[in-house]
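# Per-entry structural report
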Amino acid sequence: MGSPETQAQHGDETVPEPTPDELAALQERKKLRIKGWITLLKDPNLNYRWRAAEALGDEGDETAVGPLLEALKDPFVDVQWLAAKSLGKLGDLRAVEPLIEALKSDDKWLRIGAAWGLGKLRDSRAVEPLLRLLKDKKKDVRKTAAWALGTIADEQAMAGLRESLQDADSEVREAVQNALELIKNKETRKGDEAHSIT
């Protein structure tokens with residue numbers, strides 16, 4: 001139950017912290033849940049596969065990385081793009097190269113999911129491939145690529161983003177402007193930190 005000093009306040013009632021046995025039981029249930037989702041990634045039913053691909057990103061467990069990487073090759077884009085997003089949520093850098101490869105897909109949804117995942121991973125290896133997406137035919141792909149570049153906040157993206165300020169779509173231009181501001185703000189913070197050290 002925990003000591004009175006370690007009990008958390010929840011409104012007017014006091015909620016005791018879980019015991020070590022309760023924590024172990026919660027961990028075991030989580031492992032079983034993740035194992036179930038991983039099994040469903042290979043189910044013949046498309047609805048189960050896409051729900052599993054989405055849920056595994058929310059679980060936050062690295063054992064899902066390998067199965068989600070495999071799900072990028074699912075025959076249905078419904079599963080592929082959610083697997084790409086979940087890989088970004090998990091934050092495991094093993095996903096960077098497969099997601100960069102997924103940016104080359106003919107399907108806009110997989111390109112969007114891969115760009116989103118790469119934005120979440122914030123790895124500079126994705127900058128050049130994402131810059132190429134700023135010239136994609138689909139505006140949602142361009143918009144997501146701009147968002148991802150802003151989230152990665154690597155100054156190498158500045159020139160390519162500036163070119164996209166002339167995009168025909170206002171939503172893309174707005175995403176590009178936001179990305180440029182994020183990068184500029186990161187650079188300003190770096191400069192401020194350098195000055196405060198000296």
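The preceding data block contains the structure.
These lines cover the structure that appears in this document, whether it is placed above or below. (Residues numbered from 1 in each chain as written. Predicted model: local features only at pLDDT ≥ 70, side-chain atom pairs only at ≥ 80, totals over all residues. Heavy atoms only, no water.)

### With respect to the packing of helix H2 (residues 46-59) against helix H4 (residues 77-90)
With their axes 7 Å apart at the nearest point, H2 and H4 run at an angle of 10 degrees to one another. As far as their axial angle goes, H4 and H2 are roughly parallel. Contacts between H2 and H4 involve Leu-46, Arg-49, Trp-50, Ala-53, Glu-54, Leu-56, Gly-57 and Asp-58 from the first element and Asp-78, Val-79, Leu-82, Ala-83, Ser-86, Lys-89 and Leu-90 from the second. Tallied by class, the residues present in the contact of H2 with H4 amount to 8 nonpolar, 2 polar and 5 charged. (Axes fitted to C-alpha atoms, helices over the stretch in contact; angles between N-to-C directions. Helix = DSSP H or I, 4+ residues; strand = E, 2+ residues; numbered from the N terminus. Parallel < 35°, antiparallel > 145°, perpendicular 65-115°, else oblique. Contact = heavy atoms within 4.5 Å. Nonpolar A, V, L, I, M, F, W, Y, C, P; charged D, E, K, R; others polar.)

### Observations concerning the environment of Gly-150
Its location among the elements puts Gly-150 in helix H8 (residues 139-152). Distance from Gly-150 to Asn-178, taken between C-alpha atoms, is 7.0 Å for residues 28 residues apart in sequence. In this structure, Gly-150 is in contact with Ala-179, Leu-182 and Ile-183, ignoring residues within four places of it in sequence.

### Points about the pattern of salt bridges
Counted according to the given criterion, the structure contains 15 salt bridges. A salt bridge links Arg-125 to Glu-97; its shortest N-O distance comes to 3.7 Å. Of this pair, Arg-125 sits in the loop between helix H6 (108-121) and helix H7 (127-133) while Glu-97 is found in helix H5 (residues 96-102), placing the two residues 28 residues apart along the sequence. For Arg-125, a relative accessible area of 41% translates into the label partly exposed. Its salt-bridge partner being Lys-135, residue Glu-163 comes within 3.4 Å of it at the nearest N-O pair. Of this pair, Glu-163 sits in helix H9 (residues 158-163) while Lys-135 sits in the loop between H7 and H8, placing them 28 residues apart in sequence. Here the salt bridges share partners, and the residues they tie into one network are Lys-139, Lys-143, Asp-169 and Glu-171. (Salt bridge = Lys/Arg side-chain N within 4 Å of Asp/Glu carboxyl O. Buried < 20%, exposed > 50% of the residue type's maximum accessible area, 1.4 Å probe, protein only.)

### What to know about H4
With 14 residues, H4 ought to run about 20 Å at 1.5 Å a step, and its terminal C-alpha atoms sit 20 Å apart, in line with that. Among the 14 residues of H4, 10 are classified as buried, and the element is accordingly described as predominantly covered. Burial in H4 covers these residues: Val-77, Val-79, Gln-80, Leu-82, Ala-83, Ala-84, Ser-86, Leu-87, Gly-88 and Leu-90. Buried residues belonging to H4 abut H2, helix H3 (65-71), H5 and H6. (Expected span 1.5 Å × (residues − 1).)

Don't take any of this as a statement about function, it's just geometry.
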